[in-house]
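# Observations on the model geometry
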Amino acid sequence: MQPLLFTIVGTRPNFIKVTQFDRVFRKAGFRHELIHTGQHYDLNMAGVFFRQFDLEPDHRLELTHASPTGQMADILLGLESLFLKHKPAMVLVPGDVNSTLAAALAANKCGIPIAHIESGLRSEDKGMPEEHNRILTDHISDLLFITEQSGIDNLAKENIRPDRIHMVGNTMIDTLVGFEGRIDASPIMEDLGLQNGHYLLMTMHRPATVDDKDAMVQLTRLIKSMSQFGRIIFPMHPRTRKRLEGFGLDKEWDSIEFLTLLEPLGYFAFQKLIKHALVVVTDSGGIQEETTFRQVPCLTLRPNTERPSTLNPGSNTLVPFDISAITSFLQQIKQGTYKKGDIPPMWDGQASERIAEVIKRRLDA
Ligand code: UDP
């Protein structure tokens with residue numbers, strides 16, 4: 001009987017990291033099943049990705065709580081019964097969300113080896129919930145799959161044994177490479193009336209940015225000032241929409257000229273907008289990597305990043321919430337003097353294959 005691998009996903013960035021697993025793992029001689037925890041559940045944040053990537057979860061958990069702790073408790077119990085019933089040879093957990101940590105804990109308690117995909121990233125910012133999820137997941141994982149050199153350095157500092165650490169590249173880039181034709185075929189540019197290199201693409205969703213009224217007021221000023229550089233396209237995360245309405249800023253945003261607010265976009269449309277943007281302004285983690293791969297300028301409005309390879313050699317810069325700092329970078333970008341950057345090693349569309357090889361060696365041993 002071929003060994004069974006379980007991959008656990010729960011949120012938009014998770015779905016995007018595992019699209020090649022089924023194909024690659026089956027080819028490598030494994031049975032592979034996908035479990036969706038239900039952390040992101042609606043059409044825009046989950047359904048559209050399963051449809052576009054032609055992914056069908058083999059198991060779906062039922063989340064009965066809304067709080068992070070309650071959801072993690074639901075995930076622990078739901079996974080425990082699946083693990084005991086199906087006895088997977090290994091559990092794969094991508095990323096840094098609550099589903100990632102809950103899945104790793106459930107596997108650990110059931111005595112099943114854990115592989116952490118996108119291991120070793122550190123922002124050194126303990127105010128970010130994801131930072132705790134990363135550290136805790138890494139320390140109970142058996143195989144640590146690394147996307148960039150900083151991951152190796154960080155894990156060495158935390159005294160994690162080198163034989164658990166494997167540099168494999170970036171499975172998010174596997175998805176970009178795998179779906180390039182579908183991305184190019186998206187009609188989003190015509191639908192929005194956009195021309196290559198003539199618009200700014202923006203996303204903001206981190207609690208540190210959008211949960212604070214003063215920060216949102218400052219963001220409003222920033223957006224108004226950035227619009228002198230071109231039309232701003234802003235697909236909005238549900239959390240940001242909720243906060244905007246809660247702070248009573250939604251009417252003001254609706255009236256900003258040159259700002260186009262959209263619902264969250266599907267993968268192909270969003271990637272096409274990244275590919276042809278003048279610049280992407282964001283607080284997202286994954287988007288820093290996608291812009292680096294595209295060699296499209298990215299301004300990240302955060303004090304830190306867990307993905308330093310996007311700063312060097314990549315095309316990303318950390319910028320404070322400051323109009324004059326951002327204006328100065330936007331001027332460089334418009335004039336064509338901003339760095340183009342280089343693509344980090346192994347961001348080549350083959351990371352999932354490398355992961356399959358390491359798992360095979362490990363399970364054979
Ligand atoms: N994304 C998308 N549609 C959107 C916004 C983002 O498909 O409207 C994709 C984006 O390209 C990236 C992923 O969602 O692949 C990043 O998710 P997010 O920013 O929510 O999470 P983070 O990476 O910050 O954890």
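In this text, all values refer to a predicted model and were calculated from it rather than measured experimentally.

Okay, the overall build of the protein next. When its secondary structure is counted, the protein shows 18 helices and 13 strands. Counting only C-alpha atoms and orienting by the principal axes, one finds that the protein spans roughly 60 × 40 × 40 Å. Expressed as a percentage of the 365 residues in the protein, the buried residues total 59%. Taking contacts inside the protein between residues at least 6 apart in sequence as the whole, the part at least 24 apart equals 70%. As presented, the protein carries roughly 15,100 Å² of accessible surface, and 52% of it is formed by carbon and sulfur atoms. Measuring between centres, the 40 positive side-chain charges of the protein sit 2 Å from its 45 negative side-chain charges.

With that settled, the discussion passes to the packing of aromatic side chains. Per the stated rule, a full pass over the model turns up 13 aromatic pairs. When the centroid spacing of 4.8 Å and the interplanar angle of 40° are considered together, the rings of F21 and F25 count as tilted. Of this pair, F21 and F25 are both found in helix α2 (residues 21-27), four residues apart, which corresponds to roughly one turn of the helix. With relative accessibility at 0%, the residue F21 sits in the buried group. We classify F25 as buried; its relative accessible area is 0%.

By nearness alone, 19 residues border the ligand, and L265, S284, G285, G286 and E290 come closest of all. The backbone of G285 places a nitrogen or oxygen atom 2.8 Å from an oxygen atom of the ligand. Within the residue set of the shell around the ligand, elements represented by two or more residues are α1 (12-17), α15 (267-275) and α16 (286-294). Split by residue class, the shell around the ligand holds 10 nonpolar, six polar and three charged.

Here the focus is helix α3 (residues 43-53). Residues of α3 that are buried include every one of M45, A46, V48, F49, F50, Q52 and F53, and no others. Elements in contact with the buried residues of α3: α1, β2 (31-36), α8 (171-178), α9 (180-184), α13 (238-246) and α15. Backbone geometry just downstream of α3 places D54 in the positive-phi region, at approximately 55°.

So, on to the pattern of salt bridges. Scanning the model with the defined rule gives 23 salt bridges in all. Here E353 ties to R23 by a salt bridge, and the two come within 3.8 Å at their closest N and O atoms. With E353 in helix α18 (residues 351-364) and R23 in helix α2, this pair connects stretches of sequence that are 330 residues apart. Relative accessible area serves as the criterion here: at 45%, R23 is assigned to the partly exposed category. Here R134 makes a salt bridge to E306, at a shortest N to O gap of 3.6 Å. In this pair, R134 is assigned in helix α6 (residues 129-140) and E306 in the loop between β12 (298-300) and β13 (316-318), connecting sequence segments 172 residues apart. For R134, a relative accessible area of 3% gives the class buried.

Inspection of the secondary structure assignment puts L61 in the loop between β3 (59-60) and α4 (68-86). Between the alpha carbons of L61 and P345 there is a distance of 36 Å; along the sequence they are 284 residues apart. Setting aside anything within four residues of it in sequence, one finds L61 in contact with I35, H36, T37, I75, G78, L79 and L82.

Cut-offs applied
- Residues numbered from 1 in each chain as written.
- Predicted model: local features only at pLDDT ≥ 70, side-chain atom pairs only at ≥ 80, totals over all residues.
- Heavy atoms only, no water.
- Helix = DSSP H or I, 4+ residues; strand = E, 2+ residues; numbered from the N terminus.
- Buried < 20%, exposed > 50% of the residue type's maximum accessible area, 1.4 Å probe, protein only.
- Contact = heavy atoms within 4.5 Å.
- Areas by Shrake-Rupley, 256 points an atom, 1.4 Å probe, with all protein chains shown as cover.
- Lys, Arg positive; Asp, Glu negative; His and termini not counted.
- Charge placed at Lys NZ, Arg CZ, Asp CG, Glu CD.
- Phe/Tyr/Trp six-rings, centres within 6.5 Å; stacked < 30°, edge-to-face > 60°.
- Near = heavy atom within 4 Å.
- Polar contact = N/O pair within 3.5 Å; in protein donor to acceptor, adjacent residues only side chain to side chain.
- Nonpolar A, V, L, I, M, F, W, Y, C, P; charged D, E, K, R; others polar.
- Salt bridge = Lys/Arg side-chain N within 4 Å of Asp/Glu carboxyl O.

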